[in-house]
Amino acid sequence: MQTITTVKQMQDWCIEQKRQGKTIALVPTMGYLHQGHLSLVQDARRACDIVVVSLFVNPIQFGVGEDFEDYPRDLSKDSLLLETEQVDALFAPSIKEMYPTGYNSFVEVLGEISSKLCAQSRPGHFRGVTTVVSKLFHICCPDKAFFGQKDAQQVMIIEKMAAELNFPLEIVRVPIVREADGLALSSRNVYLDEEQRQQALVLSRSLQAARALIESGERKATMVKSRLVEQIESSPGANLVYAEIYDARDLADVEEINSRVLIALAVKFGSTRLIDNLLVEV
Ligand code: AMP
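Calculation notes
Residues numbered from 1 in each chain as written. Predicted model: local features only at pLDDT ≥ 70, side-chain atom pairs only at ≥ 80, totals over all residues. Heavy atoms only, no water. Near = heavy atom within 4 Å. Polar contact = N/O pair within 3.5 Å; in protein donor to acceptor, adjacent residues only side chain to side chain. Areas by Shrake-Rupley, 256 points an atom, 1.4 Å probe, with all protein chains shown as cover. Helix = DSSP H or I, 4+ residues; strand = E, 2+ residues; numbered from the N terminus. Nonpolar A, V, L, I, M, F, W, Y, C, P; charged D, E, K, R; others polar. Pairing = 2+ DSSP bridges. Axes fitted to C-alpha atoms, helices over the stretch in contact; angles between N-to-C directions. Contact = heavy atoms within 4.5 Å.

Digging into the site of the ligand
Working step 1: Of all residues adjacent to the ligand, which total 17 residues, the nearest are His-37, Gly-148, Asp-151, Val-177 and Leu-185.
Working step 2: Between the ligand and the protein, one listed contact pairs an oxygen atom with a backbone N or O atom of Met-30 at 2.9 Å.
Working step 3: At 2.9 Å, a side-chain N or O of His-37 approaches an oxygen atom of the ligand.
Working step 4: A total of 480 Å² of accessible area belongs to the ligand in isolation, and the protein chains cover 92% of it.
Working step 5: Looking at which element gives the most residues to the shell around the ligand, the answer is helix H2 (residues 35–47), with three residues.
Working step 6: Split into classes, the residues belonging to the shell around the ligand amount to nine nonpolar, six polar and two charged.

See below:
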């Protein structure tokens, strides 16, 4: 595996691969890799000739007072994991390399999809994500780019950006990878102490309970939502940020659940903010 740290080298390398007729898969990450990331890498490995993984903790997607400084980092361990997955190139640029002239140009998706859920509690977050992802698309020229359903709103916004700005590539969604007890894998899980780690199970449990309620015939979104809120608010240590049910295509409001819905949660345990979601098809 090559480790590349400059934009120029990465772009030249990818252009050369394309010239040789190879297809490129890109997996953007912020590192501190776990099995969730590796499942994206494994799907990418099966899909294309060349796999590029980017590792960049993108400052412009963090808000003031968020965990940019403290975000867990371990480049040498990540490199070893990616070697094992037979990744061809690791792109690990510095902040200066990615933003040599500061933060002046942005890519932003507007509309309902980028004004609900995490957009409400993290203003500017998605603009930071779409900006860095479009830079990565221009640098790595992927045929396919892989994103986790764990960040459901993020992948929806990126799909919209790629379609509306005519990026010549396919966005591939990869299902959420969970621990055996249901907790969705996240680099931020390392912030949880033992007690919070147990308390955090309320996310997956309440999502499953919501699914069961819908499967038992409940169709009123407000009913399902109030049960979700009740369950989380009565759970020790859990501070609800949001619990919402929206149309899975575009995050439009839903009253009657009669198509595919996204049930999305954000909950804080101490200062650690976790998200989880479930797609339910009726
Ligand atoms: P991050 O490093 O947190 O920015 O995540 C990089 C990519 O991995 C994103 O597309 C995430 O949605 C995806 N990802 C993170 N956690 C999981 C998980 N538990 N299951 C599947 N994909 C994940």
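So, next bit.
Overview of the sheet that holds strand S7 (residues 238–247)
Pairing between the strands of a sheet is mediated by backbone hydrogen bonds and can be parallel or antiparallel.
Working step 1: Spatial ordering of the open sheet is given by S7-S8-S9, a layout of three strands whose pairing is antiparallel. A single partner strand is all that each edge strand has here, and the edge strands are S7 and strand S9 (272–281). In this sheet, neighbouring strand axes are inclined to one another by 15 degrees on average, regardless of whether the strands run parallel or antiparallel.
Working step 2: The pairing of strand S8 (residues 260–269) with S9 spans 10 bridges and is antiparallel. Bridging across to S9, Ile-263 finds its partner in Leu-278.
Working step 3: Of the strands in this sheet, S7, S8 and S9 touch helix H9 (residues 202–215), which is tilted by about 20 degrees from S9.
Working step 4: Against the sheet, helix H10 (residues 221–233) touches S7 and S8, its axis set at about 165 degrees to S7.

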